[in-house]
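# An overview of the molecular structure
Each chain, letter by letter, is given below.
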Amino acid sequence: MGGRTDESGGGKEKEEEQDGMSVHSPCKTLPSSASSLSKEQSQVELELRLLEALEIYPPIKLRGIHRHFVLYGLMEYLGRSFERQFTADEVLQLLDRFYNIEMLKSDDEDMDILNHEEDFSLPQSYFDKEEQ
């Protein structure tokens, strides 16, 4: 088992066969697929960090006036976790895996309310009291 083989080749055959497949079998994962495995692991790590960040920055706040602050907080959290910068689009794509981002976008009605301007003036009665 430890590197020593029988002269008949029986030990070598045991080394080459693992789980019923030869080491040289095309079904066996090749070393190049190790990079895809590490990509998959890093993707899982990224999603876990995003979920951790959502404990601090709740996704419901992505739907209001705090939207940009929460998005920036998520970008910063992920950036510190992975020592690289994340764009807002990257963070939104990650969030889209867990949430329906279209539902989080603000309505036009909300924007109308926020952008609504109204002239303000004190009532005349206020000035009358002040003079007395």
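What you see is a predicted model; the values in this text were computed from it and never measured. (Residues numbered from 1 in each chain as written. Predicted model: local features only at pLDDT ≥ 70, side-chain atom pairs only at ≥ 80, totals over all residues. Heavy atoms only, no water.)

### A look at the environment of E52
- Mapped onto the secondary structure, E52 falls in helix α2 (residues 33–56).
- Relative accessible area serves as the criterion here: at 31%, E52 is assigned to the partly exposed category.
- Put simply, E52 and L74 are 22 residues apart on the chain and 9.8 Å apart in space, counted from C-alpha to C-alpha. (Helix = DSSP H or I, 4+ residues; strand = E, 2+ residues; numbered from the N terminus. Buried < 20%, exposed > 50% of the residue type's maximum accessible area, 1.4 Å probe, protein only.)

### As for unusual backbone geometry
- One non-glycine residue with positive phi stands out, namely E83, at about 55°.
- Within the element layout of this structure, E83 appears in the loop between α3 (67–82) and α4 (88–98).

### Notes on the packing of α3 against α4
- One can describe the packing of α3 onto α4 by two numbers: an axis separation of 10 Å at closest approach and a directional angle of 90°. In terms of orientation, α3 lies roughly perpendicular with respect to α4. Listed contacts from α4 to R67, L71, L74, M75 and L78 of α3 are A88, V91, L92, L94 and L95.
- Taken together, the residues of the contact of α3 with α4 break down into 9 nonpolar, no polar and 1 charged. (Axes fitted to C-alpha atoms, helices over the stretch in contact; angles between N-to-C directions. Parallel < 35°, antiparallel > 145°, perpendicular 65-115°, else oblique. Contact = heavy atoms within 4.5 Å. Nonpolar A, V, L, I, M, F, W, Y, C, P; charged D, E, K, R; others polar.)

### Focus: a nonpolar patch on the surface
- Together, V44, L48, L51, F98 and Y99 make up a nonpolar patch on the protein surface, roughly 400 Å² of accessible area in all.
- A total of 3 residues in the nonpolar patch trace back to one element, the largest contributor, which is α2.
- If you trace the backbone, F98 turns up in helix α4.
- We classify F98 as partly exposed; its relative accessible area is 35%. (Patch = residues over 30% accessible without salt bridge, like charges linked within 9 Å, V, L, I, M, F, W, Y side chains within 5 Å. Areas by Shrake-Rupley, 256 points an atom, 1.4 Å probe, with all protein chains shown as cover. Salt bridge = Lys/Arg side-chain N within 4 Å of Asp/Glu carboxyl O.)

### Topic: the pattern of salt bridges
- Applying the stated criterion to the full structure yields 5 salt bridges.
- R84 is paired through a salt bridge with E90; the nearest N and O atoms lie 3.8 Å apart.
- Taking relative accessible area as the criterion, R84 reaches 41% and is therefore assigned partly exposed.
- Salt bridges sharing partners connect three or more residues here, namely E45, R49 and E52.

### Re the environment of L94
- Tracing the backbone shows L94 in helix α4.
- Separated by 44 residues in sequence, L94 and L50 have C-alpha atoms that sit 7.8 Å apart.

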